[in-house]
Number of protein chains: 2
Amino acid sequence: MTIKNVSKNKVFDGWHAQYTHDSAVLNCNMRFAIFQPSNVTRSHQVPVLYWLSGLTCSDENFMQKAGALRMAAKLNIAIVVPDTSPRGEDVADNENYDLGKGAGFYLNAIQAPWSRHYQMYDYITRELPAIIEKNFPVSGVKSISGHSMGGHGALIIGLKNAQQYRCVSAFSPISNPMQCPWGQKAFSAYLGNDTESWKQYDACELLKAGKAQLPVLIDQGDKDNFLTEQLKPESLLAAAKVHKSVVEFHLRSGYDHSYFFISSFIEDHLNFHAKHLFV
Amino acid sequence: MTIKNVSKNKVFDGWHAQYTHDSAVLNCNMRFAIFQPSNVTRSHQVPVLYWLSGLTCSDENFMQKAGALRMAAKLNIAIVVPDTSPRGEDVADNENYDLGKGAGFYLNAIQAPWSRHYQMYDYITRELPAIIEKNFPVSGVKSISGHSMGGHGALIIGLKNAQQYRCVSAFSPISNPMQCPWGQKAFSAYLGNDTESWKQYDACELLKAGKAQLPVLIDQGDKDNFLTEQLKPESLLAAAKVHKSVVEFHLRSGYDHSYFFISSFIEDHLNFHAKHLFV
């Protein structure tokens, strides 16, 4: 679990840095980014917010565009941003942006040729936190958030691992991947045709199967081009009713799917995470 | 002076939008970005901060990475970001990043092949403000800021047009282009070998020639890779002393040349601009 520093920039009196490492789970070399607030020491450890990005993104989009680091510095929260899929020349890919590299969907693939590298669920929930907690002065306290495909990832990971994450939030998540083109395409490729096996990675199915055991916050723009066909927040809200799960949901008038939207409300999300991380 | 909208995103309850237009001054089609806070109307006009970007940048870098729009929305300031050079297939270029497209240096070129399009000084000081003031509900009150090559641009434009801009600020500006490799390369190409003609575009020479008639704020990181060879803030501070020009200068410990640095201090700069824009 050796990590190699590849960039370091001072920001808001803390540090943004990128690291690469060999991933045993993904069977390739990976890069992640971490923001550490200024007063982190071995004796003063901070909680970690994991951010999962959307289709085509890397660790850089959120760190550069979300405007999150000001509040993370103020609230004394570290942020870790992984890549969105395995990477490298020998990693299976597809010519479309919504399958293969940049489109790992935060699940464990079981179909060839994807299964050799596409094990993002295990990477995010097990290997990456172990690397972070071994190499940085962070506490074991964590939460998770994400955007679009990463919002889907944050929701399923949070709902399936409520003992590991204090809370979960999402911007414009793919709420019901089994019932939208992005999700159906990815799940068919990575998981095969047995749709029963898809349910473990669908936030609606997870909510229908049991009450959410952690706080959930979702923001969605009502001018999002993907709202009706791909994101389907109404399905998530309906699924949350089955076991009376509490999902705080905000439909934001006039906002779209971009980082301009995320930047406008990231402060609310960071305050939500801080509230639960510092209980 | 017809402008064409090419993108529009709601952000912080205001709007980020990009427009293209034919530039008579630059003899090509250009794109700019504008942020308008939410309560802009024909009857409630806002002042404009012009932001000039650095080498290789377009109108997008600042708008996406600086984290400026939150404070601009709060302070009720519009921000306009032009491109950094003329653009298009018939515009002269160079294989290096620091000459030609993306490297207009905010001057009026007098040498072939550059002089046909590279008239960024006139574009920024005359044509673009006229377009903005004709097409958007902004007041005529303006100020200017920028980064690196754009910091140079902001300084020379502010110092030469103190009646037009309320104040000027810069991050990591090329302070003395006549005495650094970036500036010498660009000025030789665009202006020719008569170094006397270079002085009108060198902030140090402008300060030596007369007192700054507008407030100046500069932030510079002390871990900036370009500090010693290219940026030379000590030359600017020395030049400011000649006529006792007041330049507020902050050397920021540990910060580099990146947008991580800019984002960390943009709030200070926006407050500085607001103070002078709303006098």
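As shown above, the structure is provided for reference.
Sequence order as written defines residue numbering, which begins from 1 separately in each chain. Note on labels: chains are lettered from A, ligands numbered from 1, in written order. Confidence filtering applies because this is a predicted model: local features only for residues at pLDDT of at least 70, side-chain atom pairs given and counted only at 80 or more, and all residues used for totals across whole chains, interfaces and linings. To obtain the side-chain values, all non-hydrogen atoms of the structure were used and water was disregarded.

Engineer: Let's hear about the nonpolar core: which residues, and what values?
Structural biologist: Counting 71 residues, the largest nonpolar core has Phe32(A), Phe105(A), Ile132(A), Ile144(A), Ile157(A), Phe187(A) and Tyr190(A) as its most contacted members. Counting residues per element, this core draws most heavily on helix H3 (residues 120–135) of chain A, at seven residues. Residues within four places of Phe187(A) in sequence aside, it is in contact with Phe105(A), Leu107(A), His152(A), Pro177(A), Met178(A), Gly192(A), Trp198(A) and Tyr201(A). Among buried residues, those of type Ala, Val, Leu, Ile, Met, Phe, Trp, Tyr and Cys that are joined through side-chain atoms within 4.5 Å constitute a nonpolar core. Only protein chains enter the accessibility calculation, which uses a 1.4 Å probe. A residue is then buried if its area is under 20% of the maximum for its type, exposed if over 50%, and partly exposed in between. Listed in part, the 70 residues of the second largest apolar core include Ala103(B), Ala109(B), Leu206(B) and Leu231(B). Secondary structure is summarised from DSSP: a helix means a run of H or I of at least four residues, a strand means a run of E of at least two, and numbering begins at the N terminus for each. Whether two residues are in contact is decided by their heavy atoms: any pair within 4.5 Å suffices.

Engineer: Can you break down the pairing of strand E4 (residues 46–52) of chain B residue by residue, with the values?
Structural biologist: Residues and elements named next belong to chain B. Among the seven residues of E4, seven are classified as buried, and the element is accordingly described as predominantly covered. Relative to strand E6 (residues 138–147), E4 runs parallel, the two being bridged by six bridges. If you follow Val-48 over to E6, its bridge partner there is Lys-142. Note on pairing: DSSP must find at least two bridges between two strands before they are called paired. Summarising the sheet, E4 and strand E5 (residues 78–82) pair through three bridges and their orientation is parallel. Each residue of the ladder has a partner; that of Tyr-50, found in E5, is Val-80.

Engineer: Quick rundown of the interface of chain A and chain B? Include the residues and the values.
Structural biologist: Each partner contributes residues to the interface: chain A has 23 residues there, and chain B has 23 residues. Here the quantity called buried area is the accessible surface, traced with a 1.4 Å probe, that two parts lose on coming together, added over both. Of the roughly 1,800 Å² buried between chain A and chain B, counting both surfaces, carbon and sulfur atoms make up 53%. For the chain A face of the interface with chain B, the top three residues by lost area are Lys10(A), Gln64(A) and Phe260(A), together amounting to 36%. A pairing counts as a salt bridge when a side-chain nitrogen of Lys or Arg comes within 4 Å of a carboxyl oxygen of Asp or Glu. At the boundary of chain A with chain B, the tally comes to zero salt bridges. Any N or O atom pair separated by 3.5 Å or less is treated as a polar contact, with the protein-specific requirement of one donor-capable and one acceptor-capable atom, and with residues adjacent in sequence counted only for side-chain atom pairs. On the surface where chain A and chain B come into contact, there are 10 residue pairs in polar contact (both at pLDDT 80 or more). Among the elements of the structure, strand E1 (3–11), strand E2 (14–23), helix H1 (60–65), helix H2 (69–75) and helix H9 (259–277) of chain A are those that each provide at least two residues to the side of chain A that touches chain B. Counting residues per element, the side of chain A that touches chain B draws most heavily on H9(A), which supplies five residues.

Engineer: So, the environment of Asn5(B): which residues are in play, and what are the values?
Structural biologist: Residue and element names in this part refer to chain B. Mapped onto the fold, Asn-5 is located in strand E1 (residues 3–11). Note on Asn-5: relative accessible area 38%, which makes it partly exposed. Distance in space between the C-alpha atoms of Asn-5 and Ala-66 is 23 Å, their sequence separation being 61 residues. A polar atom in the side chain of Asn-5 sits 3.0 Å from the backbone oxygen of Ser-7. Here Gln-18 takes part through its backbone oxygen, which lies 3.3 Å from a polar atom of the side chain of Asn-5.

Engineer: Lay out the relation of the copies chain A and chain B in plain terms, naming residues and giving numbers.
Structural biologist: In this structure, two copies of a chain are linked by a rotation about an axis accompanied by a shift along it. Note on the copies: chain A fits chain B at an RMSD of 0.0 Å, the axial shift is 0.0 Å, and the rotation between them is 180°. Put plainly, the chains are arranged around a two-fold axis. Interface overlap between copies is the fraction of interface residues in one copy that are interface residues in the other; for chain A against chain B it reaches 100%, indicating a shared surface. To line up the copies, we fit them by least squares on C-alpha atoms, keeping just the residues with pLDDT of at least 70 in both.

Engineer: Would you mind going over the pattern of salt bridges in detail, with residue names and values included?
Structural biologist: Where charged atoms from two side chains of opposite charge approach closely, those side chains can pair. Residue and element names in this part refer to chain A. Here the structure, examined in full by the defined rule, presents 28 salt bridges over all chains. Between Glu-196 and Lys-199 there is a salt bridge, with the nearest N and O atoms lying 3.4 Å from each other. Through salt bridges with shared partners, a single network forms among Arg-31, Asp-59 and Glu-60.

Engineer: A description of the state of the cysteines should follow, citing residues and the corresponding values.
Structural biologist: Only a pair of cysteine sulfur atoms within 2.5 Å qualifies as a disulfide here. Tallying each qualifying case throughout the model produces zero disulfides over all chains. No disulfide involves Cys28(A); its nearest neighbouring cysteine sulfur is the one of Cys57(A), lying 18 Å away. Here Cys28(A) falls in the buried class, since its relative accessible area comes to 9%. Here Cys204(B) is not cross-linked by a disulfide; its sulfur's nearest cysteine counterpart is in Cys180(B), at 9.9 Å.

Engineer: Can you break down unusual backbone geometry residue by residue, with the values?
Structural biologist: Residue and element names in this part refer to chain A. In this model, Ala-112 is joined to Pro-113 through a cis peptide bond whose omega is 0°. Among the structural elements, Pro-113 can be located in the loop between strand E5 (78–82) and H3. The phi angle at Phe-12 is positive, at roughly 50°, despite the residue not being glycine. With respect to the helices and strands, Phe-12 occurs in the loop between E1 and E2.

Engineer: Requested: an account of the side chain of Gln36(A), with residues and values cited.
Structural biologist: Inspection of the secondary structure assignment puts Gln36(A) in strand E3 (residues 28–36). Sequence-distant contacts of Gln36(A), that is, excluding residues within four places in its chain, are made with Gly14(A), Trp15(A), Phe136(A) and Pro137(A).

Engineer: Describe H3(A), naming the residues involved and giving the relevant values.
Structural biologist: At Glu127(A), H3(A) is bent by approximately 35°, the largest bend along its length, and proline Pro129(A) sits one to four residues beyond. Among all positions of H3(A), only Met120(A), Tyr121(A), Asp122(A), Tyr123(A), Ile124(A), Thr125(A), Glu127(A), Leu128(A), Pro129(A), Ile131(A) and Ile132(A) are buried. Two axes are fitted around each residue, one to the seven residues ending there and one to the seven starting there, and the angle between them is reported as the bend at that residue.

Engineer: Explain the sheet that holds strand E8 (residues 216–221) of chain B to me, using residue names and the numbers behind them.
Structural biologist: Residue and element names in this part refer to chain B. Read from one edge of the open sheet, nine strands run E1-E2-E3-E5-E4-E6-E7-E8-E9, paired in mixed fashion. Each edge of the sheet is formed by a strand with only one pairing partner; in this case those strands are E1 and strand E9 (247–252). Averaged over neighbouring strand pairs, the angle between their axes works out to 20° when direction is ignored. Axes here mean lines fitted to C-alpha atoms, for a helix over just the part in contact, with angles spanning 0 to 180 degrees between N-to-C directions. Sitting on the sheet, helix H3 (residues 120–135) touches E1, strand E2 (14–23), strand E3 (28–36), E4, E5 and E6, and the angle it makes with E6 is about 140°. This element, helix H9 (residues 259–277), spans E4, E5, E6, strand E7 (168–171), E8 and E9 of the sheet and lies at about 175° to E7.

Engineer: Pulling in residues and values, what's your account of helix H4 (residues 149–160) of chain B?
Structural biologist: Side chains of residues three or four places apart in an α-helix project in the same direction, reflecting 3.6 residues per turn. Helix span, expected: 1.5 Å multiplied by one less than the number of residues in the helix. Between its terminal C-alpha atoms H4(B) stretches 17 Å, which fits the 16 Å expected from 12 residues at 1.5 Å a residue. Across the 12 residues that make up H4(B), a large majority, 11, are buried.

Engineer: Just give me the short version of the sheet that holds E2(A), but keep the residues and values in it.
Structural biologist: Residues and elements named next belong to chain A. With mixed pairing, the nine strands of this open sheet are ordered in space as E1-E2-E3-E5-E4-E6-E7-E8-E9. With partners counted over all chains shown, the strands left at the sheet margins are E1 and strand E9 (247–252), one partner each. Ignoring strand direction, the axes of neighbouring strands in this sheet form an average angle of 20°. Direction of pairing for E1 relative to E2: antiparallel, over a ladder of eight bridges. Each bridged residue has a counterpart across the sheet, and for Ile-3 the counterpart in E2 is His-21. Here helix H4 (residues 149–160) sits on the sheet and contacts strand E4 (46–52), strand E6 (138–147), strand E7 (168–171) and strand E8 (216–221); the angle it forms with E6, its principal contact strand, is near 135°.

Engineer: I'd like a description of the packing of aromatic side chains, backed by residues and values.
Structural biologist: Residues and elements named next belong to chain A. Pairing of aromatic rings covers Phe, Tyr and the six-membered ring of Trp, with a centre-to-centre limit of 6.5 Å; geometry is then stacked below 30 degrees between planes, edge-to-face above 60, and tilted otherwise. Following the criterion strictly, the structure yields 32 aromatic pairs over all chains and no others. Aromatic side chains Trp-51 and Phe-62 sit 4.1 Å apart centroid to centroid with 20° between the ring planes, which places their arrangement in the stacked category. Of this pair, Trp-51 sits in strand E4 while Phe-62 sits in helix H1, and the two are 11 residues apart along the sequence. By relative accessible area, Trp-51 is classed as buried at 0%. Phe-62 sits in the buried class, given a relative accessible area of 1%.

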